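Architecture at a glance
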Amino acid sequence: MSDLLQPMPANLLILGGTTEAYDLADRLAEHDGWHVINSLAGRTANPRLPAGETRIGGFGGIEGLARYLGECAIRAVIDVTHPFAARMGWNAAEACRLAGVPLLRLERPAWQPEPGDVWVPVETWADAAEALSQIGARRVLLAVGRQELAHFSGVENIWFLIRLVTPPEPKPNFPAAEWLYSRGPFALDDERALLDTWAIDTIVCKNSGGEATSAKLIAARERGIRVVMLQRPARPAEVTRAATVDEALSWIDDLNAG
Ligand SMILES: NC(=O)c1ccc[n+]([C@@H]2O[C@H](COP(=O)([O-])OP(=O)(O)OC[C@H]3O[C@@H](n4cnc5c(N)ncnc54)[C@H](OP(=O)(O)O)[C@@H]3O)[C@@H](O)[C@H]2O)c1
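Residues numbered from 1 in each chain as written. Predicted model: local features only at pLDDT ≥ 70, side-chain atom pairs only at ≥ 80, totals over all residues. Heavy atoms only, no water.

Per an unreviewed UniProt entry, the protein chain goes by Precorrin-6A reductase and derives from Allochromatium tepidum. In UniProt, the protein chain has this text filed under Pathway (unreviewed entry): "Cofactor biosynthesis; adenosylcobalamin biosynthesis." (UniProt positions renumbered as here; feature names shortened; annotations may be inferred.)

This is the structure in structure tokens:
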């Protein structure tokens, strides 16, 4: 067939900012029939650019996104924003409903407690800090992001082992803490040794899901160590979900066929 007779690729919008969004864009680059537009919030200076076209910055709420979907003739949207991005999923659901555009949510499944786990589920970081005092924690592995540290720096009578990827700038003032800089994935034996060496009795983390940082949960289960676990924010229940990039590609193929 001559190029002139090829159908125009349809526009697909990926709401990104996660590893899964980069993976999906890479896979779609090999897929005929779709022109991918990646959307990044613009929080990171000089972000790695995904495969396909990229736009950066907010849309201006639900109305802004609905308008964008119409103006750019978007045929489908895949929301691959981070599980802890609280707003964008709701905006996407409402904007897609208004514009009549199919929407898929691609999200790595949350970790689920297993027999032997001693989890303390919390909804906010402030609740997590309060829970530490309530449960009598003494030696805590703080496996949270640098932005969350401020919630814990004022907690009294607790020694913290603070694990981050890189040193925070400025460094919050913790009365009793050790700082540890390392990047996952973390091996189970290393996590066991970490908890034993530092006599950790409680871990604080968020329910990221995935395998890169799940070994600490197994090591905690083996030792009966409590895990104060930040729950993911709610997302609209009516939106179709995929747990893997492959599942998302099947959904896209079904759209093509439809
Ligand atoms: N929260 C986390 O822990 C976390 C971790 C890693 C990566 N991220 C990524 O960082 C971004 C921002 O996170 P957040 O927690 O601020 O999200 P959020 O609370 O869901 O979104 C806040 C606002 O940021 C804009 N926005 C968010 N994601 C966008 C995207 N992909 N493209 C264009 N605009 C976007 C939207 O602005 P408008 O209303 O103006 O459209 C949205 O209303 C997300 O894309 C997320 O995937 C977040």
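Still to come is the rest of the account.
1. Thoughts on the overall build of the protein chain
Scanning the protein chain for helices and strands turns up seven helices and 12 strands. The buried share among the 258 residues of the protein chain stands at 44%. Of the contacts formed within the protein chain by residues at least 6 apart in sequence, a portion of 65% connects residues at least 24 apart. Counting every atom, the protein chain has about 13600 Å² of accessible surface; 51% of that belongs to carbon and sulfur. Of the side chains in the protein chain, 25 bear a positive and 33 a negative charge, and the two mean positions are spaced by 5 Å. (Helix = DSSP H or I, 4+ residues; strand = E, 2+ residues; numbered from the N terminus. Buried < 20%, exposed > 50% of the residue type's maximum accessible area, 1.4 Å probe, protein only. Contact = heavy atoms within 4.5 Å. Areas by Shrake-Rupley, 256 points an atom, 1.4 Å probe, with all protein chains shown as cover. Lys, Arg positive; Asp, Glu negative; His and termini not counted. Charge placed at Lys NZ, Arg CZ, Asp CG, Glu CD.)

2. Examining the side chain of R163
One can find R163 in strand β8 (residues 159–164). Of note is the side chain of R163, whose polar atom sits 2.9 Å from the side chain of E191. Setting aside residues up to four positions removed in sequence, R163 forms contacts with L141, L142, A143, V144, L180, S182, F186, E191, L194 and K216. (Polar contact = N/O pair within 3.5 Å; in protein donor to acceptor, adjacent residues only side chain to side chain.)

3. A look at the packing of aromatic side chains
For the coordinates displayed, the defined rule picks out six aromatic pairs. Ring centres 6.4 Å apart and planes at 70° place the aromatic pair F152 and F160 in the edge-to-face group. Aromatic pair F160 and F174: ring centres 5.4 Å apart, planes at 75°, arrangement edge-to-face. Of this pair, F160 sits in strand β8 while F174 sits in the loop between β8 and β9 (177–181), and the two are 14 residues apart along the sequence. In this structure an aromatic cluster arises from ring pairing among W125, F152, F160, F174 and W179. Here the guanidinium or amino end of R55 rests over the ring plane of Y68, the centre of that ring lying 5.3 Å away. In this structure, K206 is placed above the aromatic ring of F84, and the distance from its NZ or CZ to the ring centre is 5.1 Å. (Phe/Tyr/Trp six-rings, centres within 6.5 Å; stacked < 30°, edge-to-face > 60°. Lys NZ or Arg CZ within 6 Å of the ring centre and 35° of its normal.)

4. A few points about the pattern of salt bridges
Counted by the stated rule, this structure contains 17 salt bridges. The residue D246 makes a salt bridge to R27 at a minimum N-O spacing of 2.6 Å. Of this pair, D246 sits in helix α7 (residues 245–257) while R27 sits in helix α1 (residues 19–29); the two residues are 219 residues apart in sequence, bridging distant segments of the chain. For D246, a relative accessible area of 46% puts it in the partly exposed group. For R27, a relative accessible area of 33% translates into the label partly exposed. One salt bridge in this structure joins R223 and D196, with 2.7 Å as the shortest N-O distance. Note that R223 is positioned in helix α6 (residues 215–223) and D196 in helix α5 (residues 188–197), a separation of 27 residues in sequence. Ionic contacts of the salt-bridge type, sharing partners, join the residues D79, R105, E107, R232, R235 and R241 into one network. (Salt bridge = Lys/Arg side-chain N within 4 Å of Asp/Glu carboxyl O.)

5. Description of the packing of helix α2 (residues 61–71) against helix α3 (residues 88–99)
Where α2 meets α3, the axes come as close as 8 Å, and the angle between the chain directions of the two elements is 50°. Classified by the angle between their axes, α2 and α3 sit oblique to one another. Regarding α2 and α3, the two cross each other, and that crossing is right-handed. Packed against α2, whose contacting residues are G61, I62, L65, A66 and L69, the element α3 presents M88, N91, A92, E94, A95, C96, L98 and A99 at the interface. Among the residues making up the contact of α2 with α3, the classes are represented as 10 nonpolar, two polar and one charged. (Axes fitted to C-alpha atoms, helices over the stretch in contact; angles between N-to-C directions. Parallel < 35°, antiparallel > 145°, perpendicular 65-115°, else oblique. Left-handed = near helix turned anticlockwise from the far one by under 90°. Nonpolar A, V, L, I, M, F, W, Y, C, P; charged D, E, K, R; others polar.)

6. Topic: the sheet that holds strand β6 (residues 118–122)
Judged by pairing direction, the sheet is parallel, and its six strands sit side by side in the order β6-β11-β10-β7-β8-β9 without closing on themselves. Each end of this open sheet is capped by a strand with a single partner; those strands are β6 and β9. Taken over all neighbouring pairs, the strand axes of this sheet differ in orientation by 20° on average, direction set aside. Packed onto the sheet, α6 meets β6, β7 (139–143), β8, β10 (202–206) and β11 (226–230) and runs at close to 150° relative to β10. (Pairing = 2+ DSSP bridges.)

7. Focus: the domain arrangement of the protein chain
Here the protein chain is described as being made up of domain 1 (3–108 + 234–257) and domain 2 (118–230). Measuring from the centre of the C-alpha atoms in domain 1 to the corresponding centre in domain 2 gives 33 Å. (Domains from an automatic or database assignment.)

8. Description of the sheet that holds strand β12 (residues 240–242)
Overall, parallel pairing links the six strands, which are arranged β3-β2-β1-β4-β5-β12 in an open sheet. With partners counted over all chains shown, the strands left at the sheet margins are β3 (53–56) and β12, one partner each. Within the sheet, the average angular offset between the axes of one strand and its neighbour, ignoring direction, is 25°. Strands in contact with α1 are β1 (10–15), β2 (34–40), β4 (74–79) and β5 (103–106); relative to β1, the strand with the most contacts, it is inclined by about 160°.

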